[in-house]
Amino acid sequence: MIRFAISIFITFGLSWIPLAGSFHYETALTIALAGIILLPICCGIKTQKTNENPSKNQNPLPQIIAWATAFWTAATATAALTACLKGEILCNFWQGLTFQLLIALPANILTALTWGWTQKIAKSHIIQISLYILCIAADFGFTLFALYTWPPLVAFGQFFGFFAGSIYDEAIHITNTLIAYRCGTLVLCICLALAQTQNTRRYHQYLLPCLGLACACATHAWLAYTGQITPFGHQKLQNTLWQTVSAPDQAFHIHFIPNSRNQKILHTQKQQLLHDYWRDYTALEQFFGNRPPAPQGIHIWLYPDRNLKAQFIGAKNTSFARVWLNEIHLVQTSPDSTLAKHEMGHLFAAQFGNGPLKVAGGWNIPALGWIEGLAMAAEWPIIQTFDLHKWSAAILENPQTFGTITPHQLIYGFWGMPSRVAYTLAGSYVSYLIVHYGIERIKKLSQSMPGDFEDIIGVNFHEAFNNWK
C-alpha cells in the first residue's frame with residue numbers, strides 16, 4: 001500500500017504538467033504512460049518457488065487486475081481533482097471519462113498483465129524485467145518507426161492507446177476508432193490472463209500471448225485497410241496524389257491531383273504551382289541564407305481538400321512539416337496564402353537545428369516557441385493583413401486578459417498558450433532578434449536555447465526578452 005500511495009502521489013505531480021492539467025485526452029495518455037513504470041512498482045517483484053502452494057504464487061491474476069483497476073481509479077480521480085484545482089477542466093466531464101476508459105484503463109490492465117506474465121514464465125529478476133522492457137519497446141519501437149518514416153503524425157499503440165499528434169487540431173474525434181482498436185487490445189488481455197491461470201500448461205503460456213498479439217495486429221491492419229485509421233507507408237498516398245511537378249534544379253517536388261487530364265490545363269496548373277512555390281522558396285532562401293539539401297529536395301504533398309488530408313495524415317485542420325524527412329503536407333489554398341511559406345520555413349530552419357529531428361533548442365529539448373517564431377518571422381514579409389509587432393504590443397499591454405507572458409512560457413510553454421497569441425508573440429519576438437542581431441547569430445542561438453544568449457548576442461535571455469517588450 002505504501003508503494004501504491006507513492007505511485008498516486010507521483011501521478012498527482014504529473015497532473016500539474018501544463019499539457020496534462022486538463023481532464024481530457026492528455027490526462028488519459030499521461031496515466032497510461034505513467035502506469036508503465038508505476039504499476040510494476042505497485043505489483044512488486046518476487047521470485048517464484050516450485051515448492052510453494054499454487055494458491056500463493058506471486059502476483060496471482062485477481063491481484064494483478066485489482067492493482068491495475070485500483071491504480072486507474074485513483075489516478076483518474078487524482079487527475080480530475082488536479083484539473084479542478086487548476087481550473088482547467090476544458091471539456092465535458094463525460095468526454096474526458098471516455099478517454100480514460102478507452103485509453104488509460106485498457107493500457108493499465110495490459111501493462112499489469114504483461115508484468116504478471118513475465119513473472120509467470122521467468123524466475124530471474126533480470127529476465128523478468130528484460131522481457132517486460134522488450135514488450136514495451138516492441139510496441140513503442142513500431143510506433144516511433146511509423147512516426148519517423150510514414151506520413152501520419154498520429155499513432156495507435158497497445159500500451160499508450162492513441163497519440164494525437166497535432167496539438168492544435170480542433171477536436172479529437174476517435175471514439176469509434178478507439179473502440180474498434182481496443183477490441184484487439186481486449187483479445188490480447190484475455191490471452192495474457194489465460195496464460196497466467198494456475199492450470200495453464202507451459203507451452204500455452206507462450207502460445208496464448210502470441211495469439212493475442214496476432215489478433216491485435218490483425219485489428220490494426222484491418223482498421224488501416226478499411227480507412228478507419230491512417231494507412232501504412234507512403235505507397236497509397238503516392239497512388240492518390242499521383243501527379244508530380246519538380247523545380248528545374250530539383251529543389252522541390254509537388255505531389256498533387258490534377259484538375260483535369262487535359263494536357264493543356266494540366267500544363268497550366270503545373271506552371272502555376274511552380275511559380276507560387278518557387279516564389280516562396282527563393283524568398284526563404286534569401287531570408288535564411290541557406291537551402292534544404294539539394295539531392296532529394298523538398299517534397300510537398302498537396303491535398304485537394306481537408307477530408308482527404310485527414311484520411312492520410314490524421315490531422316484534418318493542421319498543416320505541418322516533417323523536417324527530418326524534408327516534406328510538408330498542405331491543403332490547396334488561394335495563391336496569396338502564406339501557409340506554404342510558413343511550413344517550408346520550418347525545413348529551412350531545420351538546417352541549423354539539432355539532433356535527428358533537426359529541431360531548435362539546447363540539449364535536444366525542442367524550443368517550440370522559437371521553432372514557430374522562426375517560421376512566422378520568415379512568413380511575415382508577405383503578410384499584408386496585420387503587423388505582428390502591433391498585435392503583440394496589444395497582447396502584452398493587456399495582462400488581465402492574456403496573463404503575464406514570460407520568456408520561458410513563450411519559448412517552452414508554447415503549446416499551453418492560445419495558438420493565435422502564441423504564434424503572434426513568437427513571430428514578433430524572433431523577428432525582432434533577427435533584425436537587431438542578424439540571422440547568423442540567430443542560427444547559433446537555435447542550437448543552444450536558452451543558455452548562450454549573452455555569449456552570442458551580448459545580452460542574456462531575460463534582457464533580450466525585456467528589450468523586445
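Residues numbered from 1 in each chain as written. Predicted model: local features only at pLDDT ≥ 70, side-chain atom pairs only at ≥ 80, totals over all residues. Heavy atoms only, no water.

## A closer look at the packing of aromatic side chains
For clarity, the cut-off: Planes of paired rings set the category: under 30 degrees apart is stacked, over 60 is edge-to-face and the rest tilted, where pairs are Phe, Tyr or Trp rings (Trp by its six-membered ring) whose centres lie within 6.5 Å. In DSSP terms, a helix is any run of H or I states spanning at least four residues, a strand is any run of E spanning at least two, and both are numbered starting from the N terminus. Exposed residues in this analysis have more than 50% of their type's maximum accessible area, buried residues have under 20%, and partly exposed residues fall in between, with area computed by a 1.4 Å probe over protein chains only.
In total, this model carries 27 aromatic pairs according to the counting rule given. Measuring from centroid to centroid gives 5.1 Å for Phe-156 and Tyr-181, while their planes differ by 45°, and the two rings are tilted. Here Tyr-181 lies in helix α6 (residues 175–194) and Phe-156 lies in strand β1 (residues 155–157), a separation of 25 residues in the sequence. In terms of burial, Phe-156 and Tyr-181 fall into one category: buried. Between Tyr-429 and Trp-468 the ring centres are 5.2 Å apart and the planes differ by 55°, which places this aromatic pair in the tilted class. Within this pair, whereas Tyr-429 is found in helix α16 (residues 419–437), its partner Trp-468 is found in helix α19 (residues 461–468), the two being separated by 39 residues in sequence. With respect to burial, Tyr-429 and Trp-468 carry one shared label: buried. An aromatic cluster of three or more residues is present, and its members are Phe-252, Trp-278, Tyr-281, Phe-287, Phe-288, Phe-348 and Phe-352.

## Points about the sheet that holds strand β3 (residues 243–246)
Quick note on the threshold: Between any two strands, at least two bridges found by DSSP are needed for them to pair. Lines fitted to C-alpha atoms define the axes here, with helix axes fitted over just the stretch in contact, and angles between the N-to-C directions of these axes take values from 0 to 180 degrees. Every residue pair with non-hydrogen atoms within 4.5 Å of one another is taken to be in contact.
Here we have five strands laid out as an open sheet, ordered β3-β4-β5-β7-β6, and mixed in their pairing. Pairing within the sheet leaves two strands with one partner each, and these edge strands are β3 and β6 (320–322). Between one strand axis and the next, the sheet turns by 20° as a mean value, whatever way the strands run. Strand contacts of helix α10 (residues 306–313): β5 (298–303), β6 and β7 (327–331), with the helix running at about 145° to β7, the strand carrying the most contacts.

## Description of empty space enclosed by the protein
Rules: Think of a 1 Å grid over the protein atoms and nothing else: a 1.4 Å probe that fits but is trapped marks a cavity, an open set flanked by protein within 12 Å on at least five of seven lines marks a pocket, and residues with an atom within 4 Å of a point count as lining. Grid points are joined across faces, edges and corners, and a volume is the space filled by probe spheres set on the points.
Tallying each qualifying case throughout the model produces one cavity of 30 Å³ or more. Considering only enclosed or pocket space, the largest cavity measures out at about 160 Å³ in volume. Residue lining of the largest cavity: 14 residues in total, with Ala-146, Val-154, Ala-155, His-220 and Thr-230 positioned closest to the centre. Mapped onto the lining of the largest cavity, the elements with two or more residues apiece are α5 (125–149) and β1. When residues in the lining of the largest cavity are grouped by element, the largest group, four residues, is from α5.

## Some points on the nonpolar core
What counts is decided by this rule: In this description, a nonpolar core means a group of buried Ala, Val, Leu, Ile, Met, Phe, Trp, Tyr and Cys residues linked to one another through side-chain atoms lying within 4.5 Å.
Among the nonpolar cores identified, the biggest contains 63 residues, and Phe-252, Tyr-277, Trp-370, Tyr-429 and Phe-453 are the most heavily contacted of them. Sort the elements by how many residues they give to this core and α16 lands first, with ten residues. Sequence-distant contacts of Tyr-277, defined by excluding residues within four places in its chain, comprise Phe-252, Ile-254, Ile-300, Leu-302, Leu-330, Ala-340 and Met-344. Residues Ile-8, Leu-29, Phe-99 and Ile-174 belong to the second largest nonpolar core, which totals 56 residues.

## Things to note about the pairing of β3
Of the two faces of β3, only one is covered, namely that formed by Gln-243 and Val-245; the face formed by Thr-244 and Ser-246 stays uncovered. Hairpin connection of β3 to strand β4 (residues 252–256): five residues between the antiparallel strands, including Gln-250 at a positive phi of 65°.

## Considering the packing of helix α13 (residues 388–396) against α16
Applied cut-off: By the definition adopted for this analysis, an angle is roughly parallel if under 35 degrees, roughly antiparallel if over 145, roughly perpendicular if from 65 to 115, and oblique otherwise. A crossing counts as left-handed when the near helix is turned anticlockwise from the far one by less than a right angle, and as right-handed when that turn is clockwise. All amino acids are sorted into three groups, where Ala, Val, Leu, Ile, Met, Phe, Trp, Tyr, Cys and Pro are nonpolar, Asp, Glu, Lys and Arg are charged, and the leftover types, Gly among them, are polar.
The geometry of α13 relative to α16 is characterised by a closest axis approach of 9 Å and an angle of 120° between their N-to-C directions. Accordingly, the angle class assigned to the pair α13 and α16 is oblique. Handedness of the α13/α16 crossing: left-handed. Residue-level contacts link Leu-388, His-389, Trp-391, Ser-392, Ile-395 and Leu-396 of α13 to Val-421, Thr-424, Leu-425, Gly-427, Ser-428 and Tyr-432 of α16. Classifying every residue of the contact of α13 with α16 gives seven nonpolar, five polar and no charged.

## What about unusual backbone geometry?
Of note in this structure, Gln-250 is not a glycine but carries a positive phi near 65°. Unusually for a residue other than glycine, Lys-358 sits at a positive phi of about 55°. Looking at the secondary structure, you find Lys-358 in the loop between α11 (339–349) and α12 (368–379). On the basis of relative accessibility, which here comes to 27%, the residue Lys-358 falls in the partly exposed class.

## Observations concerning a negative patch on the surface
Under the convention used in this document: Note on patches: the residues involved have over 30% relative accessible area and no salt bridge, like charges join within 9 Å, and the nonpolar side chains Val, Leu, Ile, Met, Phe, Trp and Tyr join within 5 Å. Reported accessibility uses the Shrake-Rupley method at a 1.4 Å probe radius. Residues are deemed covered only where the shown protein chains occlude them. We define a salt bridge as a contact between a side-chain nitrogen of Lys or Arg and a carboxyl oxygen of Asp or Glu at a distance within 4 Å. The sign given to each residue is positive for Lys and Arg and negative for Asp and Glu; His and the chain ends receive no count. In this description, the location of a charge corresponds to atom NZ of lysine, CZ of arginine, CG of aspartate or CD of glutamate.
On the surface, Asp-452, Glu-454, Asp-455 and Glu-463 cluster together into a patch of negative charge. Position of Asp-452 among the secondary structure elements: in the loop between α17 (439–446) and α18 (453–457). Here Asp-452 falls in the partly exposed class, since its relative accessible area comes to 33%.

## Some remarks on the confidence of the model for the protein
Selection criterion: Each residue gets a pLDDT score, which is the predictor's confidence in that residue and runs from 0 to 100.
Counting all residues, the mean pLDDT for the protein is 88, and 92% of those residues have values of 70 or more. A low-confidence stretch, residues 47–57 (pLDDT under 50), is modelled with 13 contacts involving residues beyond four sequence positions or located in other chains.

## Topic: helix α4 (residues 93–121)
What counts, and what does not: To estimate the expected span of a helix, subtract one from its residue number and multiply by 1.5 Å. Here the bend at each residue means the angle between axes fitted to two seven-residue stretches, the one ending at that residue and the one beginning there.
Taking 1.5 Å per residue as the helical rise, α4 with its 29 residues ought to reach 42 Å, and the 41 Å between its terminal C-alpha atoms agrees with that figure. Taken as a whole, α4 carries its principal kink of about 35° at Gln-100. Within α4, 23 of the 29 residues are buried, leaving the element largely enclosed by the surrounding structure.

## Observations regarding helix α9 (residues 263–288)
Rules: What qualifies as a polar contact is a pair of N or O atoms within 3.5 Å, subject to a donor-acceptor requirement within protein and to the restriction that residues adjacent in sequence count only when both atoms come from side chains.
With 26 residues, α9 should reach 38 Å at 1.5 Å per residue; the first-to-last C-alpha distance of 37 Å fits that figure. Among all positions of α9, only Leu-266, Gln-269, Leu-273, Leu-274, Asp-276, Tyr-277, Asp-280, Tyr-281, Leu-284 and Phe-288 are buried. For α9, the side-chain oxygen to backbone nitrogen distance between the N-cap and Lys-264 is 2.9 Å, and the N-cap itself is Asn-262. Just downstream of α9, Gly-289 is the residue with a positive phi angle, here 75°.

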